[in-house]
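# Observations on the three-dimensional arrangement
One-letter residues, chain by chain:
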Amino acid sequence: MGSLSGRLALVTGGSRGIGRAVAVALAEDGAEVAVAYRRDDDAAAKTVAAIEAAGSRGHAYRASVDDLDACRDLAARVEAEHGRLDVLVHSAGIASRGHSVADTDPAELTRVLGVHALGPHHLTQALLPLLRRAERSDVVFVSSVITGIYPPFSGPYAMGKAAMEALAHTLAKEERGHGMHVNIVAPGLVDTDMGQRLVRATLGVDDIRRQDAASPYGHVCSPEEVADVVRFLVSDAASYVTDQRVVVDGGTF
Ligand SMILES: NC(=O)c1ccc[n+]([C@@H]2O[C@H](COP(=O)([O-])OP(=O)(O)OC[C@H]3O[C@@H](n4cnc5c(N)ncnc54)[C@H](OP(=O)(O)O)[C@@H]3O)[C@@H](O)[C@H]2O)c1
């Protein structure tokens, strides 16, 4: 029996990358885990198989978080099929295209803000009645080290993550009285599909592993190293931790 035994977790972006690693880590700790994803059915099925290989029960929900109705439908399905929710992890994410403010397409801005900022607000709001029912609930937002750095050519992504963090800090104060813990995890570069595309676009490097030697501790951060921080934050070991932002970048920034 893991420490999360009896708790249900929902992980957005749980089909791949950091979200998948979080889903599996929470399953290893005893939670039943549902993952939400946008379109990659095969990847979601692989995550569910990994959750079950970890000895827990897994579920997959196709639901795009940038769509208000999809968020409400997802919340209704979780309520109807499980009747509870204890842990919500917002890991769904997309990169922006690397344009300057001058050249950013308004449609891209809307899309990126939808996934990182508005979607987490809509989904959290729709799930609040369930989360409030739990004696202890946890909401973890996967942000990025980008907030506070604000490099050029990343406007939509940085704006999305800044708004996401504002939501997290606000929610933490509003919901503490309902037993909710709200925390932010802010990774640097992580070895996922998104990380791979990022190094290709910014450094012209085809294999992210070529960044290992130049990275802290001799390797690019793995999704599991981010997941280990999330599993700590939602555990009994973090029973008095809320409204915090934990940077997971090996001390780069
Ligand atoms: N990788 C990095 O270097 C890095 C660094 C800092 C922060 N982050 C943040 O970490 C989080 C996870 O990133 P990752 O590297 O794991 O990315 P990833 O490997 O590209 O996976 C992205 C995940 O998000 C899902 N997703 C994308 N848009 C969605 C939407 N509209 N609705 C629901 N699900 C959606 C994808 O589902 P489908 O498979 O169905 O498309 C997939 O499961 C993101 O929020 C990202 O901003 C990543």
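Nothing here was measured: the structure is a model prediction, and the numbers come from that model.

### Section: unusual backbone geometry
A positive phi is found at Y217, a non-glycine position, where the angle reads about 60°. With respect to the secondary-structure elements, Y217 resides in the loop between helix 6 (193-203) and helix 7 (223-233). Its identity is not glycine, yet D243 carries a phi of approximately 65°, on the positive side. Structurally, D243 is set in the loop between helix 7 and strand 7 (244-248).

### Considerations on the nonpolar core
Core analysis: the largest hydrophobic core is formed by 32 residues, its most contacted members being L10, V78, L85, L127 and F141. Where this core is concerned, the elements lending two or more residues are strand 1 (8-12), strand 2 (32-37), helix 3 (68-82), helix 4 (106-133), strand 5 (137-142), helix 5 (155-175) and strand 6 (180-187). With seven residues, helix 4 is the single largest residue contributor to this core. Beyond its immediate sequence surroundings of up to four residues, L85 is in contact with L8, A9, L10, V78, L127, L130, L131 and A134. In terms of nonpolar packing, the next biggest core, distinct from the first, is built from 28 residues, L4, V11, I18 and V142 among them.

### Re the packing of helix 4 against helix 5
Their axes nearest at 8 Å, the elements helix 4 and helix 5 cross at an angle of 15°. The orientation of helix 4 relative to helix 5 falls into the category roughly parallel. In this structure, helix 4 crosses over helix 5, and the sense of that crossing is right-handed. Contacts from E108, L109, V112, L113, H116, A117, P120, H121, T124, L128 and R132 in helix 4 reach P156, Y157, M159, G160, K161, A163, M164, L167, L171 and E175 in helix 5.

Rules of the game
Residues numbered from 1 in each chain as written. Predicted model: local features only at pLDDT ≥ 70, side-chain atom pairs only at ≥ 80, totals over all residues. Heavy atoms only, no water. Helix = DSSP H or I, 4+ residues; strand = E, 2+ residues; numbered from the N terminus. Core = buried A, V, L, I, M, F, W, Y, C linked by side-chain atoms within 4.5 Å. Buried < 20%, exposed > 50% of the residue type's maximum accessible area, 1.4 Å probe, protein only. Contact = heavy atoms within 4.5 Å. Axes fitted to C-alpha atoms, helices over the stretch in contact; angles between N-to-C directions. Parallel < 35°, antiparallel > 145°, perpendicular 65-115°, else oblique. Left-handed = near helix turned anticlockwise from the far one by under 90°.

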